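One-letter residues, chain by chain:
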Amino acid sequence: AGVAGRRSMSGYVFKLGKGIISWASKLQPTVATSTVEAEYMAAAAAIKEGLWLRHLLRSLGIQVGAVLLYIDNSACIAMLRSPISTARTKHIDICYHFARERVERGEMWLFHCKSIKQMADIFTKAVPESKLVLYKEGLGLN
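So, here's what we can say about the structure. (Residues numbered from 1 in each chain as written. Predicted model: local features only at pLDDT ≥ 70, side-chain atom pairs only at ≥ 80, totals over all residues. Heavy atoms only, no water.)

Topic: the nonpolar core
The nonpolar side chains of a soluble globular protein tend to be buried with one another. Short version of the rule: In plain words, nonpolar cores are sets of buried Ala, Val, Leu, Ile, Met, Phe, Trp, Tyr and Cys residues tied together by side-chain atoms within 4.5 Å. Relative accessible area decides the class of each residue, using a 1.4 Å probe on protein chains only: under 20% of the type maximum gives buried, over 50% gives exposed, and in between gives partly exposed. Helix and strand definitions follow DSSP, with helices as H or I runs of at least four residues and strands as E runs of at least two, each counted in order from the N terminus. Contacts: residue pairs with any heavy atoms within 4.5 Å of one another.
Membership of the largest hydrophobic core comes to 22 residues, with the highest contact counts inside it found for I47, L69, I71, L80, M108 and L110. Elements with a contribution of two residues or more to this core: β2 (7-16), α1 (35-59), β4 (67-71), α2 (74-81), α3 (98-104) and β5 (108-112). In terms of residue count, α1 provides more of this core than any other element does, 8 residues in total. Once you skip the residues sitting within four places of it in the chain, I47 turns out to touch L69, L80, F98, A99, R102, V103 and M108.

Here is the structure:
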């Protein structure tokens, strides 16, 4: 999540097989008080989209299990996996906490990925040419 006017950018990309089926890049509706909170808000947006895509695919007769979500922030993953409210999470709007419930239900599987491999960064910030080339290849945009 990159900062623009004190509000962070959320970005995600979903692939099915080798093709991109959904992507987004948008300014978050509220100011995050930390990087972790911004990542948490971005993850909530991605989880909403992932659940919608799963529903769409199932309605087309395609069996889909849990949606895999790759996040490059370990603290964000910990917050999504923990149902316990802490000093870090108590001020986060309840509308984002549905994401925890979906993880707890097993509808979303979270995986940590190194920041260098986070292809959604192309949607949230300016990236150096070397990363741009790597991300384009990873997204199948050669």
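Things to note about the packing of aromatic side chains
Rule in force here: Only Phe, Tyr and Trp rings take part, Trp by its six-membered ring, and two of them pair if their centres are within 6.5 Å. Stacked means planes under 30 degrees apart, edge-to-face means over 60, and tilted covers everything else.
Overall, the coordinates contain 2 aromatic pairs when judged by the stated rule. Here Y12 and F14 contribute two aromatic rings whose centre-to-centre distance is 5.5 Å and whose plane-to-plane angle is 65°, an arrangement assigned as edge-to-face. Given the relative accessible area of 8%, F14 is considered buried.

Topic: the environment of K131
As for its placement among the helices and strands, K131 is situated in helix α4 (residues 129-138). Judged by its relative accessible area of 21%, K131 is partly exposed.

Remarks on the environment of F123
Mapped onto the elements, F123 comes out in the loop between β5 and α4. As for F123 and W23, which are separated by 100 residues in sequence, their C-alpha atoms are 8.4 Å apart. In this structure F123 touches M9, G11, Y12, V13, W23, A24 and S25, once residues within four positions along its chain are discounted.

Here's the deal with the packing of α1 against α2
Short version of the rule: For helices, the axis comes from a line fit to the C-alpha atoms of the stretch in contact; other axes are also lines fit to C-alpha atoms, and the angle between any two N-to-C directions lies between 0 and 180 degrees. Throughout this description, any angle smaller than 35 degrees is read as roughly parallel, any larger than 145 degrees as roughly antiparallel, any in the 65 to 115 degree range as roughly perpendicular, and the remainder as oblique. It is the rotation of the near helix from the far one that decides the hand of a crossing: anticlockwise by less than a right angle makes it left-handed, clockwise makes it right-handed. Gly counts as polar in this scheme, as do all residues outside two lists: the nonpolar Ala, Val, Leu, Ile, Met, Phe, Trp, Tyr, Cys and Pro, and the charged Asp, Glu, Lys and Arg.
At a minimum axis separation of 9 Å, α1 and α2 run at an interaxial angle of 60°. Classified by the angle between their axes, α1 and α2 sit oblique to one another. α1 and α2 meet at a crossing whose hand is right-handed. Residues V36, E39, Y40, A43 and I47 of α1 pack against A75, C76, M79 and L80 of α2. Partitioning the contact of α1 with α2 into residue classes produces 8 nonpolar, no polar and 1 charged.

A look at the side chain of E49
The cut-off we apply is this: Charged-residue counts in this description rest on Lys and Arg as positive and Asp and Glu as negative, His and the chain ends being excluded. The working definition used for a salt bridge is a side-chain nitrogen of Lys or Arg within 4 Å of a carboxyl oxygen of Asp or Glu.
For E49, the position within the fold is in helix α1. Within the buried core, E49 has no salt-bridge partner, and the shortest N-O distance to an opposite charge, that of K26, equals 9.4 Å. Those residues in contact with E49, other than ones at most four positions away along the chain, are Y12, F14 and S22.

A closer look at the pattern of salt bridges
A pair can form between side chains of opposite charge whenever their charged atoms are brought close. Within this structure, the stated rule accounts for 4 salt bridges. Residue E107 pairs with R54 through a salt bridge whose shortest N-O separation is 3.0 Å. With E107 in the loop between α3 and β5 and R54 in helix α1, the pair connects residues that are 53 residues apart, well separated along the chain. Take E107: its relative accessible area is 11%, and that puts it in the buried class. Salt bridges here are not isolated pairs; linked through shared partners, they connect R54, E101, R102, R105 and E107.

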